[in-house]
Structures are given as structure tokens and as C-alpha cells.
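Secondary and tertiary structure notes
Chain by chain, the residues run as shown.
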Amino acid sequence: MTTTQPHPKTSPLIELSGIAKTFVVRRRVGRLRRTRAEVHAVSDLSFTVSRGEMVGYIGPNGAGKSTTIKMLTGILVPSAGLLRVAGIEPSRERIQLARRIGVVFGQRTTLWWDLPLRDSFGLLRRIYKIPPARYRENLDRFVDLLDLGPLLDVPVRQLSLGQRMRGDITAALLHDPEVLYLDEPTIGLDIVSKARVREFLREVNAGQGTTVLLTTHDLTDIEQLCSRVMVIDHGRLMYDGDLDGLHSLGDSERTLVVDLAEPLPAIEVDGGRVVRVDGPRQWLAFPAAASAAPLVAAIADRYPLADLSIQEPAIEAVIARMYAEGVAS
Amino acid sequence: MMVYAAIASRTFRRYATYRAATAAGVFTNSVFGFIMAFTYIALWHARPQLGGYDVADAVTYVWLGQSLLAPAALFGGGFQDEFSERIRSGDVAIDLYRPVDLQSWWLASDLGRAAFQFLGRGILPTFFGALAFDLTLPPRPGTWLAFLCAVFLGVVVSFGIRYLVCLTAFWLMDSTGVQQVAGFCGMFFSGMVLPLTVFPGWLGDVSLLLPWAACLQVPVDVFLGKHEGVQLLQTLGFQAIWAVVLLLAGRALSSLATRKVVVQGG
């Protein structure tokens, strides 16, 4: 496995070593009997994140992403292992740490439904004890960057999802946190809102040097934002490195889409295999590293070719295969 | 401390915006006050000096009960609905990553609500009652002050009970059942249905020692001047002890909850 450490010399801001989290679940068996079952949400998880990094943290549903973030914020106590964020053990000094981190849960809101955005921010200023000058400066900047001006006096319950998310991200950053955890920050957003959120995150990471750990199901987030990606599945770290490494690891294939003059049985040709047939159209997979020319020539030679196109390997496909096969690191 | 004051004042203002609900509450409490006042008058004419109260005491008891029902959340409610829903949905995770103490946060919020409901919903019913009936009103300012202290402590005790009830949602996933049982206990053992001093034998003795007594029976008795001098201090002490015990139990249980239990949702 190829592991890149972008800043090997700086001391890690986030440090996990052998972290495990086990939940005990009681299940009913029969009418009255219950059995205790252990669910290993995270097992033997070790990684470090350096100051200023922007790391994508991906995995299928139930892989342990949110559990990891909850442990990093101190909400959950690890069952085993060593965990440090900015030198602090999160669960032991949760409140101490809370002043230095920002969290955005895409599916929840930190804002108050019945308050205008401005009042929610004002309450957070008191909660985080942000000095007034600093608060004004930050608020002005975020309002400008995220175009929140017209929304400040609107009660949160009247905001659209994209507007609310911009409010939530602002709320997480008002107190200048060193680390920002984003749990699916673009979930449910339209393309324009997604682009705006990404641009803003890039700005915060580059401008303030805020360390960002981002979980997402939208791999475009990762492709556009993160130099480093970690893949977790079944509570284990499957991959930790850059995006290119993920491509090569996944043994990528490109897809040749062939339109024939008439519907025919699956094409039989060396160097490619048919993965899908739909009327006259057929999809052939071939190694990403190989040239498409000989394949196209061989098909054109023996079949009535009408049109063709080539699809590049999608990172989705690479990762989907990884999830399916459980590639060991 | 500033944070908690801000939270309390926010909840106060939030409740203040529900004007129609406040008016409806005042109306309901007043109607019930009249119905119960006539019932009590009939009862105390049949059994004079029942529970150590004369008719004026008994009618005053009714109106104070109606006035304190909402502020002391005798039937449950207040922050409870919001907090248990946040535990059920997992939104409590958001409360937990803030640099504030979970229990103090909700206590501040509930005190803000109680303060509004005392002023907005509490004063008017007793005022109407005083127009229509002869009530026992404290002659000395000190008694009024003691009454306010007793109401405050009563609200804190009520919070302590409701906070514990909410925390069961961490284990039970849904605390509605526990809330209903607790609400029923609250109505009965606070003295909302009948003054606890009316209950015969051991039931009366025991119920006067339970924490619910601190929520209504004690503040009303202070108002009626049943406790004076050293006995008044002991009575307020009784409330304070329950407040401290319940708050400490709530602290212990919430740290257990966040340590042992799943915060729900992804």
C-alpha cells in the first residue's frame, strides 16, 4: 500500500493509535430470552493528521465514520486505544477541547430553529466566549464569503437546506477552531450549493490553516478538496494515501461504450469483456492502462459499428470495488 | 455564568412569543380554579379544618396550585419534551460537543421558561381568584420573599426529577412511558389533586417527604404562613436538600449515559 505523509515533520494534531469502540447490543431471542452481542463499530484504528491538512474520510454506511468523529469530539469514549486531539484526550476534557474544535453534522443543525441566524450566532458567541472584535470580524468575513447577508434576520426554520448548511458551517467556525470536523457537509445540497461550500472550505483551509477532516459519500468533495483520503470499512482502515494511489490500488478499468447498427449477442473480443448489453448498445471493460485503439479496431473489423465513446474510471467504481472486496491494507 | 444567563433569557423570550398559548393557559387555569375552588369550598364546609386549613386557606391553595402548575411543570413538560426528543433523535450529540455543561444548560433553559410562566401564566389566575374569593394573603413582605424562594427551589426540584426522567431515554430509546408515570406522580404527590396534609396516616407522612412535595405543597404552605421562623428555614432546607440530591443524581446519570450508551444516529 502506498501511504503518503504530506507533512512528515510537523507534529500530528490528531493522533489515534489502536482505537476500538465496541457497543453491546441486546437482542431478543424467543419470548423472554435476550442475548448480548458485541458490535465492533471501530477496531484497531490508527492514523495521524497533521496541522493544516484536509483529509477525506470515506466508507460505506455503518463503516464507523461517525463513530470515529464522535470519539474525536469526546462524545463517545473509546473502548481501547490512545486518542489525542491537540494534545488533549477528548472524552476526559470534552469541554476544554470543545473550544478548539468545530463540528458540522450534515444531517443535524447546531442552530436554533426558532431564532434568526443572527441570534443563533450571538448565542454561540457567548457559548464560546468569542471576543467581540474577533466575532465581528469573523462574522463579516463569513457573511461575505457565504453570501449570508440577506439571511441573517430569517428564522432558521425558514431557511432552505443549502442556506442552513452555510449557516451551520459559519456557526462551526466563528470561534476560530483549530480542527473542523465535517460529517457529510454536502448531503442533500444542489450542485450550486455544493460548489459554494467546497470553495469556502478550500478558502478556510488555505487561508486560516484550519485542519479539516471530512466524511462524505460524494466523492467529488474528496476529488476537489482533499490531497489525502482515508477509506474505512467494517471499522478498519483500508486505505490511507492520496487519490492517485487509490486509483492504482483499485486496479481501474475504463469502459468502451459501443453502439452497433443492430442488436447483437455480446461482442467477443480479446482485451475487453462485455459488462452490459442494452439493445444495440454494449459496454466493454478494459484495463485503464491499455490503449483503446486495438480494441476498437478489432471490434470495427468484425461488427457493424455505428458509434463509440470511452468512459474514464470513476473513483466511485474504484471505491465500490474496494468495499465489495474488502481490500486489505 | 454569562452563557447560562443568556440561555435562560433566550428561553424566557421564546416562551414570551407564544402569546396565544399563554392566554389560553391563563384561561384554562382560571376556569379550573373556579371549578376546584367551589369543590374545595363544599368539601371544607363538610369537613372544617381538614388538613389544618380553613376555607380561605383551602381556596388559596387551589388558586396557587393553578398558578404554579405551569411554572413548576407539575405534570412534566418544559425543557423535557425538547431534551428527550434530542436524545431520541441523537441531536444530543450537538449539545455534547459544545463547551457547556449539559445539565446546567437545560437547567438554565428551564429556569427561563419557569420565570416567564410564573409572570405570564402564574400571576393572573391567583389575581382573578383574589377578586372572586377571600384568599389568605401573606401580611408580611418577608413571607412573600420566602414564598418566591420556595417557588424557585420547587422549580429546581421539579427540574431535577424531569431531568432524570429524560435521561432514561438513553437506555429506553423513548422515555414517553416514564414521562407519563412521572407526570402522574407529579400531579398526585405534589399536592395538585388534593393537599398532601389531607392524606390520612402513613400516605400523608410519606408523601410529605417525597421530592414532589417540594414543588407545590411546600411553596403553598409557605405562602399560607404555615411555616415560620426556624421551621421556615427547615422547610426551605428540605427543598434545597432534594434539589441538591436530584441534581447530583442527574450529573452522575448523565456521565454514565454518555459513557456507556450509544448516541443514536449516524
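Here the structure is shown first, and the text comes after it.
The following paragraphs examine the structure supplied in this document. (Residues numbered from 1 in each chain as written. Chains lettered and ligands numbered in written order. Predicted model: local features only at pLDDT ≥ 70, side-chain atom pairs only at ≥ 80, totals over all residues. Heavy atoms only, no water.)

A look at the overall build of chain A
Counted only if it meets this: The secondary structure listing takes helices from DSSP runs of H or I that are at least 4 residues long and strands from runs of E that are at least 2 residues long, numbered from the N terminus. To sort residues, take the accessible area from a 1.4 Å probe on protein chains only and compare it with the maximum for the residue type: under 20% means buried, over 50% means exposed, and anything in between is partly exposed. Contacts are residue-level and defined by heavy atoms, with any inter-residue pair within 4.5 Å sufficient. Each accessible area is a Shrake-Rupley estimate made with a 1.4 Å probe; only the visible protein chains count as cover when residues are assessed. Under the convention used here, Asp and Glu are negative, Lys and Arg are positive, and both His and the chain ends fall outside the count. Charge placement uses NZ in Lys and CZ in Arg. For Asp and Glu, CG and CD serve respectively.
In terms of helices and strands, chain A carries 10 helices and 13 strands. A principal-axis box enclosing the C-alpha atoms of chain A has dimensions of 75 × 55 × 55 Å. When each of the 329 residues of chain A is scored for burial, the buried share is 49%. A sequence separation of at least 24 residues applies to 70% of the contacts in chain A between residues at least 6 apart. Surface accessibility of chain A: about 15,400 Å² in total, with carbon and sulfur atoms responsible for 49%. Averaging the coordinates of the 40 positive side-chain charges in chain A and doing the same for the 40 negative ones gives two points 12 Å apart.

Examining the nonpolar core
We apply this condition: For this analysis, a nonpolar core means a set of buried residues of the types Ala, Val, Leu, Ile, Met, Phe, Trp, Tyr and Cys, connected via side-chain atoms within 4.5 Å.
Membership of the largest hydrophobic core comes to 109 residues, with the highest contact counts inside it found for Phe121(A), Tyr181(A) and Phe83(B). Discounting residues that sit within four places of it in the chain, Tyr181(A) has contacts with Ile14(A), Ile69(A), Leu72(A), Thr73(A), Val85(A), Ile101(A), Gly102(A), Val103(A), Val104(A) and Leu213(A). Listed in part, the 52 residues of the second largest apolar core include Ile41(B), Leu68(B), Phe147(B) and Ala182(B).

Overview of the pairing of strand S5 (residues 101–105) of chain A
Where burial is concerned, most of S5(A) is hidden: five out of the five residues are buried. Side chains Ile101(A), Val103(A) and Phe105(A) of S5(A) all project onto a buried face; the interleaved residues Gly102(A) and Val104(A) project onto the opposite face, where all are buried too.

So, the side chain of Asp168(A)
Residue and element names in this part refer to chain A. As for its placement among the helices and strands, Asp168 is situated in helix H5 (residues 161–173). Looking at Asp168, the relative accessible area reads 3%, which means it is buried. Leaving out residues up to four positions away in the same chain, Asp168 has contacts with Val104, Arg108, Thr109, Thr110 and Leu111.

Examining helix H2 (residues 19–46) of chain B
All names here are of chain B. Formally: To estimate how far a helix should extend, the number of its residues minus one is multiplied by 1.5 Å.
The end-to-end C-alpha distance of H2 is 41 Å, a good match for the 40 Å that 28 residues give at a rise of 1.5 Å each. For H2, the full list of buried residues reads Thr22, Gly25, Val26, Asn29, Ser30, Gly33, Met36, Ala37, Tyr40, Ile41 and Trp44. Where H2 is buried, its residues touch helix H1 (2–17), helix H3 (55–69) and helix H6 (102–132).

A word on the interface of chain B and chain A
Stated precisely, the cut-off is as follows: The buried area of a pairing is the accessible area, by a 1.4 Å probe, that goes missing from both parts when the two are put together, added over both. Salt bridges, as used here, are contacts in which a Lys or Arg side-chain nitrogen is within 4 Å of a carboxyl oxygen on Asp or Glu. Two N or O atoms form a polar contact when they lie within 3.5 Å of each other; inside protein one atom must be a possible hydrogen donor and the other a possible acceptor, and for residues adjacent in sequence the pair counts only when both atoms belong to side chains. In this count, Pro and Cys sit with the nonpolar residues alongside Ala, Val, Leu, Ile, Met, Phe, Trp and Tyr, while Asp, Glu, Lys and Arg are called charged and the others, Gly among them, polar.
At the junction of the two partners, chain B supplies 26 residues and chain A supplies 28 residues. Around 2,500 Å² of area is buried between chain B and chain A when both sides are counted, 59% of it from carbon and sulfur atoms. Interface area lost by chain B to chain A is led by Arg10(B), Tyr97(B) and Pro99(B), which between them contribute 29%. Our enumeration of links across chain B and chain A arrives at three salt bridges. As a salt-bridge pair, Asp114(A) and Arg10(B) come within 3.6 Å of each other at their nearest N and O atoms. Taken together, the links from chain B to chain A amount to five residue pairs in polar contact (both at pLDDT 80 or more). Among the elements of the structure, H1, helix H5 (92–96) and helix H12 (229–260) of chain B are those that each provide at least two residues to the side of chain B that touches chain A. Taken together, the residues that form the side of chain B that touches chain A break down as 13 nonpolar, six polar and seven charged.

Things to note about the packing of aromatic side chains
Residues and elements named next belong to chain B. The condition is simple: Two aromatic rings from Phe, Tyr or Trp, using only the six-membered ring of Trp, form a pair when their centres are within 6.5 Å; if the ring planes differ by under 30 degrees the pair is stacked, by over 60 it is edge-to-face, and anything between is tilted.
Counted according to the given criterion, the structure contains 25 aromatic pairs over all chains. Centroid distance Phe159 to Tyr163: 5.4 Å. Interplanar angle 25°. Geometry classified as stacked. Placement of the pair is Phe159 and Tyr163 together in helix H7 (residues 141–167), with a separation of four residues, close to one helical turn. Given a relative accessible area of 0%, Phe159 falls into the buried group.

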